[in-house]
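# Descriptive structure summary
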Amino acid sequence: MTDSTSIALVTGGNSGIGKCVAELLARDGCNVAVLDHERTEQSGCVLDRIQSIGQEACHLKADVRKDHEVRAAVATLLDRWGQIDILVNCAGIVRDQVIWKMNDDQWRDVIDVDLTGVFQCCRAVAPTMRTAKSGSIVNISSINGMRGKFGQTNYSAAKAGVIGLTKALARELARCNVTVNAVAPGLIETPILDGMSEEALSAAVAEILLGRPGQVEDVGELVSFLCSDRARFITGEVIRVDGGQYI
Ligand code: NAD
């Protein structure tokens, strides 16, 4: 699907895994729209990088929690480039706390961004992919949605929800030749880890068989593959990228 005219929409594309995915999809020949809730210097760097690869790039400012903003962003993109072939849902946050201290905002913020945001973005692009009878959707879950993590009832619930959503949507869109898969990273070095204590970080690294945290490219290359025609017979799948952290 990633020929020179493919159009990719990457949420959370300002930073970390999303930024890397945006650049790798540009490398693969896509024009890339980077959706994020803020437009920062980082956004400018991502767009410059995509353009330096020789592809077209645009930034869409939208908060994935707000359905009207997501719909407006998708409409803008369709007006501009006429189609959306690839959606990669990377936008995500953490608000870690043990459940007996977790307040409503910590619970809701994570569910709203990490689960409802994925739902709203998938819902907004589904009609155009159904009409085109082609497309790839990749949702970034987490190994903590598969195993649960201390201090992350909110995040583990949201990421487990993303896996369920992915499998149900794979069933709904298969007849239209649209694949829907989830990638479940383990510990990956990105700004999302900034709030983690040294102790928690070392404990997480100690779980990883390969003995190091992952890099964004470790996840990005799998996403690139799943969005390509080489993965055309893979759907409803959840693939871990975790250096053996889960087992
Ligand atoms: P990151 O903080 O570098 O990137 C997250 C991006 O999401 C940022 O650009 C941020 O601005 C954007 N974002 C946050 N809230 C948003 C909103 N409401 N609307 C639109 N954009 C919003 O983190 P990352 O590590 O690159 O995370 C990417 C995805 O990977 C997330 O879903 C995260 O849960 C998942 N993940 C990360 C790890 C890890 O160890 N880094 C592990 C497993 C899963």
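Attention in this report is confined to the structure presented alongside it.

Parameters and conventions
Starting afresh in each chain, residues are numbered from 1 along the sequence in its written order. Predicted model: local features are reported for residues with pLDDT of at least 70 only, side-chain atom pairs are reported and counted for 80 or more only, and whole-chain, interface and lining totals are derived from all residues. Heavy atoms throughout the structure, all of them, feed into the side-chain values; hydrogens and water do not. A run of H or I in DSSP becomes a helix once it reaches four residues, and a run of E becomes a strand once it reaches two; helices and strands are each numbered from the N terminus. Radius of gyration here uses only the C-alpha atoms, and the compact-globule reference equals 2.2 Å multiplied by the residue count raised to the power 0.38. For each residue, the accessible area found with a 1.4 Å probe, counting protein chains only, is set against the maximum for its type, and the residue is called buried under 20%, exposed over 50%, and partly exposed in between. Residue contacts follow a heavy-atom distance rule, with two residues in contact if any of their heavy atoms lie within 4.5 Å. For accessible areas, the Shrake-Rupley method is used with a probe of radius 1.4 Å. Any residue's cover is judged against the shown protein chains and nothing else. Counted charges follow a simple rule, with Lys and Arg positive, Asp and Glu negative, and His plus the chain ends left uncounted. The location of each charge is read from NZ of Lys, CZ of Arg, CG of Asp or CD of Glu. Put simply, a residue is near a molecule or strand once any heavy atom of it comes within 4 Å of that molecule or strand. N or O atoms closer than or at 3.5 Å make up a polar contact, with two conditions inside protein: a donor-capable atom paired with an acceptor-capable one, and, for residues adjacent in sequence, both atoms drawn from side chains. Angular values range over 0 to 180 degrees, each being the angle between N-to-C directions of two axes fitted as lines to C-alpha atoms, with helices fitted over their stretch in contact. Angles below 35 degrees are treated as roughly parallel, those above 145 as roughly antiparallel, those between 65 and 115 as roughly perpendicular, and all remaining angles as oblique. It is the rotation of the near helix from the far one that decides the hand of a crossing: anticlockwise by less than a right angle makes it left-handed, clockwise makes it right-handed. For this scheme, ten residues count as nonpolar: Ala, Val, Leu, Ile, Met, Phe, Trp, Tyr, Cys and Pro. Four count as charged, namely Asp, Glu, Lys and Arg, and the remainder, Gly too, count as polar. By the convention used here, strands pair only if DSSP detects at least 2 bridges between them. Patches draw on residues past 30% relative accessible area with no salt bridge. Two like charges within 9 Å are joined, as are two nonpolar side chains (Val, Leu, Ile, Met, Phe, Trp, Tyr) within 5 Å. What counts as a salt bridge is simple: a side-chain nitrogen of Lys or Arg found within 4 Å of a carboxyl oxygen of Asp or Glu. By nonpolar core is meant a set of buried Ala, Val, Leu, Ile, Met, Phe, Trp, Tyr and Cys residues that side-chain atoms within 4.5 Å join together.

## Focus: the overall build of the chain
Across its full length, the chain holds eight helices and seven strands. The C-alpha atoms of the chain give 17 Å as radius of gyration, which agrees with the globular expectation for 247 residues (18 Å, within 12%). Along the first, second and third principal axes, the C-alpha atoms of the chain reach 45 × 35 × 35 Å. Burial status across the chain gives 53% buried among its 247 residues. A sequence separation of at least 24 residues applies to 73% of the contacts in the chain between residues at least 6 apart. Here the chain has roughly 11,400 Å² of accessible surface; of this, 51% comes from carbon and sulfur atoms. Separation of charge centres in the chain, based on 25 positive and 31 negative side chains, amounts to 6 Å.

## Overview of the site of the ligand
As a structural note, the neighbourhood of the ligand is formed by 29 residues, with S15, I17, D36, Y155 and T190 the closest of them. Note that a nitrogen atom of the ligand is positioned 2.8 Å from one of the side-chain N or O atoms of D63. Contact distances for the ligand include 2.5 Å between an oxygen atom and a side-chain N or O atom of T190. Bound to the protein, the ligand loses 94% of the 820 Å² it would expose on its own.

## Brief notes about the packing of helix α1 (residues 16-27) against helix α8 (residues 216-226)
Where α1 meets α8, the axes come as close as 9 Å, and the angle between the chain directions of the two elements is 45°. Taken as axis vectors, α1 and α8 run oblique relative to one another. In this structure, the crossing between α1 and α8 has a hand that is right-handed. Two secondary-structure elements touch here, α1 through G16, I17, C20, V21, L24, L25 and R27 and α8 through V216, E217, V219, G220, E221, V223 and S224. The residue makeup of the contact of α1 with α8, split by class, is eight nonpolar, three polar and three charged.

## Concerning the sheet that holds strand β5 (residues 135-140)
Pairing is parallel in the open sheet, where seven strands are placed in the order β3-β2-β1-β4-β5-β6-β7. What marks the edges here is a single partner per strand, and that holds for β3 (57-61) and β7 (238-241). Recorded for the sheet is a direction-independent mean angle of 20° between the axes of neighbouring strands. Bridge count between strand β6 (residues 178-185) and β7: four bridges; the pairing is parallel. Across the sheet, A184 pairs through a bridge with R240, a residue of β7. Here α1 sits on the sheet and contacts β1 (7-11), β2 (31-36), β4 (86-89) and β6; the angle it forms with β1, its principal contact strand, is near 170°.

## Here's the deal with a nonpolar patch on the surface
The grouping of M146, L209, L210, Y246 and I247 at the surface amounts to a nonpolar patch, some 540 Å² of accessible area in total. Following the sequence through the fold, Y246 ends up in the segment after β7. For Y246, a relative accessible area of 32% puts it in the partly exposed group.

## Comments concerning the nonpolar core
Core analysis: the biggest nonpolar cluster contains 38 residues, and L9, L60, L77, L87, V125 and I137 have the highest contact counts within it. Elements with a contribution of two residues or more to this core: β1, β2, β3, α3 (67-81), α4 (104-132), α6 (153-173) and β6. For this core, the element with the highest residue contribution is α4, accounting for ten residues. Every residue in contact with I137, bar those within four places of it in the chain, is listed here: L87, N89, C122, V125, M129, L169, L173, V178, T179, V180 and N181. Among the nonpolar cores identified, the runner-up in size contains 31 residues, and I17, I188, V216 and L226 belong to it.

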